[in-house]
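Descriptive structure summary
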Amino acid sequence: MKKWSYKWWLVVLCAAWCGRAGVAYGQVDVDRDLAYCHRQVARALEGLKKNGGWDYAQMPRNILAADLEQGRTQWNCRPATPEEWCGGFWPGVLWYDYEYSGEAYIGRQARNYTASLGYLADREPYDHDLGFLVYCSFGNGMRLVPDAAYRDVIVGTAGQLAKLFNPRVGTILSWPREVGKQGWPHNTIMDNMMNLEMLFWASRNGGGKELYDMAVAHAETTMEHHFRPDGSCYHVAVYDTVSGDFIKGVTHQGYDDRSMWARGQSWAIYGYTMVYRETHDPRFLAFAQKVTDIYLKRLPERSKDWIPLWDFDDPSADAPKDASAACVVASALLELSGYVASEKGAQYRAAAEHMLASLGRSYQSGDRCVSFLLHSTGHHPAGSEIDASIIYADYYYYEALLRLRRLQRGLPVLGIG
Ligand code: GLY
């Protein structure tokens, strides 16, 4: 009898494994992955309990590679202050878990953590991250358990964010603190696109038309200046406050000024998809596809598993991955797939499913710690959160899985609010 080569044994083993898992290789087992997220949330909540209770003003932020090496499996937390941009993601994770499980206990925890951020509606803005802070928390809460008090917080916070809008430039100032420090008179970072979702919602819910106009102006100005001809973006666009002119595009968290920082591009993909949903303006739909297509075109260059390097242009052989960017992009593509012609939509959805399958197969933390995912990169140039679990990866992972489940059930993808 002819001897089987090792390749055939590999195929047989792979098929056996996939059969055991009840899912074909490359497909997402949504039910399995959602159940996994739910279990990890329960473990995390237990770990966060101190002296029989929870400090709701301490928000999970990261679990570092060094923590794992030293056997620490729980989230490192940061206070729910305006300086900590990630404070809204853990309440958002809890809201997604409540959406998935319907458990009253999870709903209570979501409410309690969310409440710690409500004061931001009455505070002068520290920077542009108010959308991440308040809309991922209160916005998801508003969607699942509508509440006039939540609406007031969102509308109030949108009003605070609007104070950073410069009409001469046509964008929101992202980092007031960097104006003097870096000499960036008016700086806007790509991440800021994400905060527009809160302005759109607030405009529809009592905040006034100006908020809508600001969001559209921000998206238009960013579209004009913040991108290279191929559709890849700078992290930071610097503008003149007097003339309103664009001065330069530079990086802060990417490899260099000309590189494609993975998460920056993911914010652009998600941001323009969301702006199209809110405006139905075909210019934004075309642009969402442009910024997506350069990402998908370049992805296989050095990432064989659909998860990007932290920066597409980092030449080093051991450049770390950024699972968080893949989560943001997967979630966005599931939405974008519903807005474009069927053939292209199928390509976007297939790409998103490949990303989620890869995350489910090779990036889940499992027993190693309580996060959903490993291998995200926060601020590489600063040497911070490299190859780590980071809370926003988990937030967008849960969101993407819930979006995929909706699509599988024949339902459209929704925004937060
Ligand atoms: N500055 C937000 C981020 O790291 O994507």
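Just so it is clear, the structure is predicted and the values come from calculations on it, not from any experiment. (Residues numbered from 1 in each chain as written. Predicted model: local features only at pLDDT ≥ 70, side-chain atom pairs only at ≥ 80, totals over all residues. Heavy atoms only, no water.)

For the rest of this paragraph, the subject is the site of the ligand. Around the ligand, the structure places W85, D191, Q253, W261, R263 and W267. A distance of 2.7 Å is found between a nitrogen atom of the ligand and a side-chain nitrogen or oxygen belonging to D191. Side-chain polar atom of Q253 to an oxygen atom of the ligand: 2.9 Å apart, as the coordinates give it. When the ligand is considered free in solution it has 200 Å² of accessible area, and contact with the protein chains removes 94% of it. For the shell around the ligand, the class distribution of residues is three nonpolar, one polar and two charged. (Near = heavy atom within 4 Å. Polar contact = N/O pair within 3.5 Å; in protein donor to acceptor, adjacent residues only side chain to side chain. Areas by Shrake-Rupley, 256 points an atom, 1.4 Å probe, with all protein chains shown as cover. Nonpolar A, V, L, I, M, F, W, Y, C, P; charged D, E, K, R; others polar.)

What follows concerns the pairing of strand β7 (residues 246–250). Judged from the four bridges that link them, strand β6 (residues 236–239) and β7 form a sheet pairing that is antiparallel. Within β7, the residue paired with Y239 across the bridge is F246. Where β6 folds back on β7, the antiparallel hairpin that results is connected by six residues, among which G244 adopts a positive phi of roughly 80°. (Pairing = 2+ DSSP bridges. Helix = DSSP H or I, 4+ residues; strand = E, 2+ residues; numbered from the N terminus.)

Further remarks concern the sheet that holds β7. In space, the three strands of this open sheet follow the order β5-β6-β7, with antiparallel pairing throughout. Two strands bound the open sheet, and with one partner strand each, they are β5 (186–189) and β7. Within this sheet the neighbouring strands show an average axis-to-axis angle of 20°, counted without direction. Across four bridges, the pairing between β5 and β6 is antiparallel. Residue N187 lies in a different strand from β6, and its bridge partner there is V238. (Axes fitted to C-alpha atoms, helices over the stretch in contact; angles between N-to-C directions.)

Now for the pattern of salt bridges. Evaluated as defined, the whole model comprises 28 salt bridges. Taking the shortest distance from any N to any O, the salt bridge between R283 and D281 comes out at 2.7 Å. Assessed through its relative accessible area of 41%, R283 is described here as partly exposed. Several salt bridges converge on common partners, so that one network encompasses E197, R204, R277, E278, E335, E399 and R403. (Salt bridge = Lys/Arg side-chain N within 4 Å of Asp/Glu carboxyl O. Buried < 20%, exposed > 50% of the residue type's maximum accessible area, 1.4 Å probe, protein only.)

In any sheet, the strands associate via hydrogen bonds between backbone groups, in a parallel or an antiparallel arrangement. Spatial ordering of the open sheet is given by β2-β1-β8, a layout of three strands whose pairing is antiparallel. Where the open sheet ends on each side, the last strands, each with one partner, are β2 (76–79) and β8 (389–390). In terms of strand pairing, strand β1 (residues 58–63) meets β8 through two bridges, oriented antiparallel. Note that in β8 the partner of I63 across the bridge is S389.

Averaged over all residues, the pLDDT of the protein chain equals 94, while 94% of them reach at least 70. When the criterion is pLDDT under 50, residues 1–22 qualifies, and its contacts beyond four places in sequence or with other chains add up to eight contacts. (pLDDT = per-residue confidence, 0-100. Contact = heavy atoms within 4.5 Å.)

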